[in-house]
Amino acid sequence: QVQLVESGGGLVQAGGSLRLSCAASGRTFSSYGMGWFRQAPGKEREFVAAVIRSGGFTSYGDFARGRFTISRDNAKNTVYLQMNSLRPEDTAVYYCAATELPVATSRHQYGYWGQGTQVTVSS
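This structure is a prediction, so every number in the text was calculated from the model and none was measured.

Conventions adopted
Residues numbered from 1 in each chain as written. Predicted model: local features only at pLDDT ≥ 70, side-chain atom pairs only at ≥ 80, totals over all residues. Heavy atoms only, no water. Helix = DSSP H or I, 4+ residues; strand = E, 2+ residues; numbered from the N terminus. Rg over C-alpha atoms; globule rule 2.2 N^0.38 Å. Contact = heavy atoms within 4.5 Å. Areas by Shrake-Rupley, 256 points an atom, 1.4 Å probe, with all protein chains shown as cover. Lys, Arg positive; Asp, Glu negative; His and termini not counted. Charge placed at Lys NZ, Arg CZ, Asp CG, Glu CD. Buried < 20%, exposed > 50% of the residue type's maximum accessible area, 1.4 Å probe, protein only. Pairing = 2+ DSSP bridges. Disulfide = S-S within 2.5 Å. Salt bridge = Lys/Arg side-chain N within 4 Å of Asp/Glu carboxyl O.

A. Main features of the overall build of the protein. The helix and strand tally for the protein stands at 0 helices and 11 strands. Beginning at the N terminus, the succession of helices and strands in the protein can be written as β-β-β-β-β-β-β-β-β-β-β. The C-alpha atoms of the protein give 13 Å as radius of gyration, which agrees with the globular expectation for 123 residues (14 Å, within 12%). Of the contacts made within the protein by residues no fewer than 6 positions apart, 58% connect residues no fewer than 24 positions apart. Summed over its atoms, the accessible surface of the protein is roughly 6,100 Å², and 47% of this surface lies on carbon and sulfur atoms. The centroid of the 12 positive side-chain charges in the protein is displaced by 4 Å from the centroid of its 8 negative side-chain charges.

B. The pairing of strand β7 (residues 68-73), seen in detail. Taking every second residue as pointing to the same face, the buried face of β7 carries F68, I70 and R72, while none of T69, S71 and D73 on the other face is buried. Judged from the 6 bridges that link them, β7 and strand β8 (residues 78-83) form a sheet pairing that is antiparallel. Bridge pairing links I70 to L81 in β8. Connecting the antiparallel pair β7 and β8 is a turn made up of 4 residues, with N77 showing a positive phi of about 55°.

C. Expanded view of the state of the cysteines. For the coordinates displayed, the defined rule picks out 1 disulfide. The partner cysteine of C22 in its disulfide is C96, sulfur to sulfur 2.1 Å. Handedness here is read from the sign of the S-S torsion; for C22 and C96, about -80°, the answer is left-handed. Linking C22 in strand β3 (residues 18-25) with C96 in strand β9 (residues 92-99), this pair joins segments that are 74 residues apart in sequence.

D. Main features of the pattern of salt bridges. Applying the stated criterion to the full structure yields 5 salt bridges. Notably, a salt bridge pairs R38 with D90, separated by 2.9 Å at the nearest N-O pair. Residue R38 is located in strand β4 (residues 33-39), and its partner D90 is located in the loop between β8 and β9; the two are separated by 52 residues in the primary sequence. Classification of R38 as buried rests on a relative accessible area of 7%. Classification of D90 as buried rests on a relative accessible area of 0%. The partner of D90 in a salt bridge is R67, and the shortest N-O contact between them spans 2.8 Å. Taken as a pair, D90 in the loop between β8 and β9 and R67 in the loop between β6 (58-60) and β7 lie far apart in primary sequence, 23 residues in all. A single burial state applies to D90 and to R67, both of which are buried. One salt-bridge network, held together by shared partners, links R38, E46, R67 and D90.

Below, the structure written as structure tokens:
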């Protein structure tokens with residue numbers, strides 16, 4: 001139904017910023033709720049942020065609220081994650097995901113995933 005490709009990861013110093021992008025293919029992109037998750041080595045995949053189909057409502061994990069911003073541009077079939085004030089504990093592989101629900105916060109509710117992009121924050 002939809003294919004997702006993340007980009008924008010890299011190495012940044014603590015306090016820096018990074019902008020991730022997720023390019024989606026599919027003629028019904030606007031019908032999917034979109035989310036970002038992250039996974040550090042040895043840890044479970046963790047909810048970062050989600051945006052409703054229309055883009056008018058967003059939800060964030062506690063660690064992300066106030067620092068990260070999720071947005072989408074349905075005309076461009078793209079979802080973004082702006083990350084500011086990055087910390088070493090933000091280091092992880094970040095995944096873009098799509099759900100047939102309007103919006104969701106559990107990884108089990110998402111049926112489509114990108115390959116992930118590595119984000120490394122140094123001190």
